[in-house]
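# Descriptive structure summary
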Amino acid sequence: MFRPEDEEEGRCTKYKPTMRFASIVVATIILISEISLAVFEYIHCRLDGNPLSAVFAGIFTVHSVFTTFYIIGAFRLIECFMVPWLTLQLIFLTTFALFVIVWWIATLLSIFNLVQYYHTTSDQGLTNAEFFVLTGVILTIVLVVSIKLSHILYRGFVTVRNQNMARYRITEAIQRKDSVLKPSYV
């Protein structure tokens, strides 16, 4: 409820962000990113003829469809629209976490010059170990951010499920109350 003294203090208690709203915002940002990446990869495929770009464009496009269903499910309180996106995200995060673990193993091997990345002899850039450590740090940060965003989206799903269960319990209680008042022989 809005109170005038809250306006003077600079806070407004009329609208409180919920986990459902936060999950919709995060999913919308992810959807915009996926569409942008799909368009970028499609243009890259058309200009260079690289088939790997076409594969990535297809993957981003398919995932954006699931993200759209997630957003619709969060808006309309339809749990079954949200589950496929959460399943894909679980598969992605598990695979990505395994990749990061393997990358750090390769980083340890690169310290002893057992693994090397391709570079020219005239390259004055990073050393072998620096390249692996820097890339490993970036991959770890991306993994942590992806896990946090997925957790927010999962909590949005749980909120939708709880709201649906509360609505179901209220509806069932009203129906039970109405059925008790009517005689069974009528």
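First things first, this report covers the structure right here in the doc. Nothing here was measured: the structure is a model prediction, and the numbers come from that model.

Attention shifts here to the overall build of the protein chain. Secondary structure assignment for the protein chain yields 5 helices and 0 strands. Counting all 186 residues of the protein chain, 25% fall into the buried class. Total accessible area computed for the protein chain in this model is approximately 13,500 Å², and 70% of it derives from carbon and sulfur atoms.

This part takes up the nonpolar core. By size, the foremost hydrophobic cluster in this structure holds 17 residues, and its most contacted members are Tyr70, Met82, Trp85 and Leu153. Contributions of two or more residues to this core are made by helix H2 (19-48), helix H3 (51-76), helix H4 (79-111) and helix H5 (128-181). The residues touching Trp85, leaving out its near neighbours within four places in the chain, are Ile30, His63, Phe66, Thr67, Tyr70 and Leu153. By size, the runner-up hydrophobic cluster in this structure holds 9 residues, among which are Val100, Ala106, Phe132 and Leu139.

This part covers the packing of aromatic side chains. Scanning all chains against the criterion turns up 9 aromatic pairs. Each ring, one from Phe69 and one from Phe81, has its centre 5.3 Å from the other, and the planes form 70 degrees; the classification is edge-to-face. In this pair, Phe69 sits in helix H3 while Phe81 sits in helix H4, placing the two residues 12 residues apart along the sequence. What makes Phe69 partly exposed here is its relative accessible area of 38%. The partly exposed category is assigned to Phe81, whose relative accessible area is 29%. For the pair Phe92 and Phe96, a centre-to-centre distance of 5.7 Å together with 10 degrees between the ring planes defines the contact as stacked. Here Phe96 and Phe92 lie together in helix H4, a separation of 4 residues that amounts to about one turn.

It is worth spelling out a nonpolar patch on the surface at this point. Judged by side-chain polarity, Leu98, Ile101, Ile105, Leu108, Leu109, Ile111, Phe112 and Leu114 come together as a nonpolar surface patch covering roughly 840 Å² of accessible area. In this fold, Leu114 is placed in the loop between H4 and H5. Overall, the relative accessible area of 62% leaves Leu114 in the exposed class.

Our next topic: the packing of H3 against H4. Two elements in contact, H3 and H4, have axes separated by 7 Å at closest approach and are oriented at 135 degrees. In terms of orientation, H3 lies oblique with respect to H4. Note on packing geometry: the crossing formed by H3 with H4 is left-handed. Contact residues: His63, Phe66, Thr67, Phe69, Tyr70, Ile72, Gly73 and Ala74 in H3; Phe81, Met82, Pro84, Trp85, Leu86, Leu88 and Gln89 in H4. Taken together, the residues of the contact of H3 with H4 break down into 11 nonpolar, 4 polar and no charged.

Put simply, the largest pocket is a space of about 540 Å³. Lining the largest pocket we find 19 residues, and of these Glu34, Phe60, His63, Gln89 and Phe92 sit closest to its centre. Looking at the lining of the largest pocket, the elements with two or more residues in it are H2, H3, H4 and H5. The element best represented in the lining of the largest pocket is H5, accounting for 6 residues. When the residues that make up the lining of the largest pocket are grouped by side-chain class, the tally is 13 nonpolar, 5 polar and 1 charged. One number sums up the size of the second largest pocket: a volume of about 180 Å³. What lines the second largest pocket is simply Leu86, Thr87, Gln89, Leu90, Leu93, Ile147, Ser150, His151 and Tyr154. Of all the elements in the fold, those that place two or more residues in the lining of the second largest pocket are H4 and H5. Broken down by element, the lining of the second largest pocket gets its largest block of residues, 5 residues, from H4. Within the lining of the second largest pocket, the residues separate by chemical class into 5 nonpolar, 4 polar and no charged.

Taking 1.5 Å as the rise per residue, H3 with 26 residues should run 38 Å; its terminal C-alpha atoms sit 38 Å apart, in good agreement. The complete set of buried residues in H3 reads Ser53, Ala57, His63, Ser64, Thr67, Tyr70, Ile71, Gly73 and Ala74. The N-cap residue of H3 is Asn50: its side-chain oxygen and the backbone nitrogen of Leu52 are 3.1 Å apart.

Calculation notes
Residues numbered from 1 in each chain as written. Predicted model: local features only at pLDDT ≥ 70, side-chain atom pairs only at ≥ 80, totals over all residues. Heavy atoms only, no water. Helix = DSSP H or I, 4+ residues; strand = E, 2+ residues; numbered from the N terminus. Buried < 20%, exposed > 50% of the residue type's maximum accessible area, 1.4 Å probe, protein only. Areas by Shrake-Rupley, 256 points an atom, 1.4 Å probe, with all protein chains shown as cover. Core = buried A, V, L, I, M, F, W, Y, C linked by side-chain atoms within 4.5 Å. Contact = heavy atoms within 4.5 Å. Phe/Tyr/Trp six-rings, centres within 6.5 Å; stacked < 30°, edge-to-face > 60°. Patch = residues over 30% accessible without salt bridge, like charges linked within 9 Å, V, L, I, M, F, W, Y side chains within 5 Å. Salt bridge = Lys/Arg side-chain N within 4 Å of Asp/Glu carboxyl O. Axes fitted to C-alpha atoms, helices over the stretch in contact; angles between N-to-C directions. Parallel < 35°, antiparallel > 145°, perpendicular 65-115°, else oblique. Left-handed = near helix turned anticlockwise from the far one by under 90°. Nonpolar A, V, L, I, M, F, W, Y, C, P; charged D, E, K, R; others polar. 1 Å grid on protein atoms, 1.4 Å probe; cavity = no way out; pocket = protein on both sides within 12 Å on 5 of 7 lines; lining within 4 Å. Points joined across faces, edges and corners; volume = space filled by probe spheres on them. Expected span 1.5 Å × (residues − 1). Polar contact = N/O pair within 3.5 Å; in protein donor to acceptor, adjacent residues only side chain to side chain.

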